[in-house]
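# Chain and residue survey
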Amino acid sequence: LSRAGHLNTETSFLLQHFGFQPPVYLRSVRTQVADVDYDTPPTLGAGVPVSYAWHMLHNEQDSVSQLPIIEEDGRLFGVVTAGGLAENDMRSVSDPSVKSVPIFNLLSALEGHIINCEEDIFDEISGDVMIALPGDATDIKPGSIILCGNQKSVADQAIEAGASCLIFCDTSLSEQYRNRSCATCLIVCPYDAYRAARLIFQSIPVGRIACTDNLKFFHLTDYIDDVRDIVIQSRYRSYPILNEEDKVVGTLSRYHLIRPRKKKVVLVDHNETGQAVSGLDQAEIVAIIDHHRLADVQTGNPVFMRNEPVGSTTSIIATMYQEHGLMPSPALAGLMAAAIISDTVMFKSPTCKPHDKIVAERLARHAGINCEELGKAMFSRGVSPDLPAEDLVKADMKEFHLGAHTLAISQITTVDSEHFLPRRKDFIEVLEKIKKEKQYDIVLMMITNVLKEGSELLFVGDDE
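Since we're looking at a predicted model, the values are computed, not measured. (Residues numbered from 1 in each chain as written. Predicted model: local features only at pLDDT ≥ 70, side-chain atom pairs only at ≥ 80, totals over all residues. Heavy atoms only, no water.)

Attention now goes to the overall build of the protein. In terms of regular secondary structure, the protein is built from 13 helices and 21 strands. Rg of the C-alpha trace for the protein: 36 Å, well past the compact-globule value of 23 Å for 464 residues, more than 25% over. The buried share of the protein, taken over its 464 residues, is 44%. Charged side chains of the protein number 43 positive and 64 negative; the gap between the two group centres comes to 4 Å. (Helix = DSSP H or I, 4+ residues; strand = E, 2+ residues; numbered from the N terminus. Rg over C-alpha atoms; globule rule 2.2 N^0.38 Å. Buried < 20%, exposed > 50% of the residue type's maximum accessible area, 1.4 Å probe, protein only. Lys, Arg positive; Asp, Glu negative; His and termini not counted. Charge placed at Lys NZ, Arg CZ, Asp CG, Glu CD.)

See below:
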């Protein structure tokens, strides 16, 4: 449930009186990112290993082209792509070294465990990665990462030279070094040396290779036609989507823009495009419930439409309740009765029908209220004559199209019009301004006195 305009004092009073929150103010029904069936791939923390990111990118059930990398609070840190991971892997060929790899990541990637004595603590591993081949003389440099098989001389040399890490690959030799205390981190893993070396480069935190500069992303509230313009000018296959708290909720791909899901809209108490929210051409109108003349709203498909010559659309809705065997709650019944009283100006409007009064009184009885007392309370809380003239004119203004002519009609409903009439000059100036800005043929203002059952009519434009 939403509203297309600002609340006036009468409506605010009634909502508060019957215990309802104001409907959401809807400025537009243009298709937004939130209306799209966007992807929801897993998000990764910046500290997870590259190997895990690669696995998620190539998950057999849901292969995606890009993964969002997030901060601890869920905000966007960067993005990682399959191309970025492959580039990092190729870079390791020319630069076979790693820096400050968290030991947890390394053990996770290698499916290994440390065999040093418990007093030896290791948090990070750095150094050049070197595979010690059988039978070759190995020149081990301090601070390097050595991978060996069943080569005891290499293992002893690595520990003596001060290697940062010695990895025993698929060998029982490691049992001879279990519980040894040394500055070299001793790790056992079930893989051969070549595979273990590749996994070392895949153990670095994915945040280090993620793209973090000039990120392209969208919010759930962004409009699809604006998004489409940006996507056309960029080269990415998908884009992170953020919510109102700037936290990642999914990704948007190019194919999502081909046939986005439209908002479904029911027009209530109007069927003129000039009175509807903007972007109606991008929405799917599924129903129209109104009591005004048929105007210029067009639909792409047949829709449910109910239009009756009564004084209030609420009378139609109350009848629909009855036809479906439903009864609104007492509070809602009171609010609906108030709507009919307002629309029919306490049943004195020339458009008011006997059905309006019957329905309103039935609703009032269910709500335990008196229609006449409610009407007086409503209209006594009308707009204040001390408000700026422009606010008074625009408080209840509607646009109409009659043939080739476009006009606007404003109305103030009050129990004491004498407080407004001295401001005729101010109102005329505002009407002239609106006519010029909107290029209306005529702009009218009605100051309706409920008690006198009449209106003072001000207008600017062609007399005829």
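Looking now at the layout of surface pockets. What the second largest pocket holds in volume is close to 480 Å³. Taken together, 23 residues form the lining of the second largest pocket, with Gln-66, Thr-81, Cys-211, Arg-235 and Tyr-236 sitting closest to its centre. For the lining of the second largest pocket, the leading source of residues is helix α3 (residues 82-94), giving five residues. Partitioned by chemical class, the residues of the lining of the second largest pocket number ten nonpolar, seven polar and six charged. (1 Å grid on protein atoms, 1.4 Å probe; cavity = no way out; pocket = protein on both sides within 12 Å on 5 of 7 lines; lining within 4 Å. Points joined across faces, edges and corners; volume = space filled by probe spheres on them. Nonpolar A, V, L, I, M, F, W, Y, C, P; charged D, E, K, R; others polar.)

What follows concerns the pattern of salt bridges. Summed over the entire model, instances satisfying the criterion amount to 19 salt bridges. Of the charged contacts in the structure, one is a salt bridge between Arg-178 and Glu-175, with a shortest N-O distance of 2.8 Å. Its relative accessible area of 34% is what places Arg-178 among the partly exposed residues. Owing to a relative accessible area of 47%, Glu-175 belongs among the partly exposed residues under this scheme. Residues participating in the shared-partner salt-bridge network are Arg-30, Asp-225 and Asp-226. (Salt bridge = Lys/Arg side-chain N within 4 Å of Asp/Glu carboxyl O.)

This paragraph deals with the sheet that holds strand β5 (residues 76-81). The strand order across the open sheet built from three strands is β3-β4-β5, with neighbouring strands paired in mixed fashion. Two strands lie at the open edges of the sheet, namely β3 (44-45) and β5, each paired on one side alone. Bridge count between strand β4 (residues 66-70) and β5: five bridges; the pairing is antiparallel. The residue of β5 that forms the bridge with Leu-67 is Val-80. Running at roughly 140° to β4, helix α2 (residues 50-57) makes contact with β3, β4 and β5 of the sheet. (Pairing = 2+ DSSP bridges. Contact = heavy atoms within 4.5 Å. Axes fitted to C-alpha atoms, helices over the stretch in contact; angles between N-to-C directions.)

Taken together, Asp-441, Asp-462, Asp-463 and Glu-464 make up a surface patch of like negative charges. Relative to the assigned elements, Asp-441 resides in the loop between α13 (424-438) and β20 (442-449). Taking relative accessible area as the criterion, Asp-441 reaches 35% and is therefore assigned partly exposed. (Patch = residues over 30% accessible without salt bridge, like charges linked within 9 Å, V, L, I, M, F, W, Y side chains within 5 Å. Areas by Shrake-Rupley, 256 points an atom, 1.4 Å probe, with all protein chains shown as cover.)

With seven of its nine residues buried, helix α6 (residues 193-201) lies for the most part within the structure. Looking at α6, one finds that the buried residues are Ala-193, Ala-196, Ala-197, Arg-198, Leu-199, Ile-200 and Phe-201. Where α6 starts, the residue carrying a side-chain oxygen 3.1 Å from the main-chain nitrogen of Tyr-194 turns out to be Asp-192. (Polar contact = N/O pair within 3.5 Å; in protein donor to acceptor, adjacent residues only side chain to side chain.)

On to the nonpolar core, then. Within the largest apolar cluster, 39 residues are counted, with the highest numbers of intra-cluster contacts made by Leu-106, Leu-110, Ile-145, Leu-147, Ile-167, Ile-187 and Ile-200. With six residues, the single largest contributor to this core is α6. (Core = buried A, V, L, I, M, F, W, Y, C linked by side-chain atoms within 4.5 Å.)

This next bit is on the pairing of strand β13 (residues 238-242). Remark: a regular strand shows side chains that alternate across the two faces of the sheet. Most of β13 sits inside the fold, with five of its five residues counted as buried. By the alternation rule, side chains of β13 split into Ser-238, Pro-240 and Leu-242 and Tyr-239 and Ile-241, which are all buried. Relative to strand β14 (residues 248-253), β13 is paired through five bridges, and the arrangement is antiparallel. Within β14, the position partnered with Leu-242 by the bridge is Val-248. Counted between consecutive antiparallel strands, the loop separating β13 from β14 contains five residues, among which Asp-246 sits at a positive phi close to 65°.

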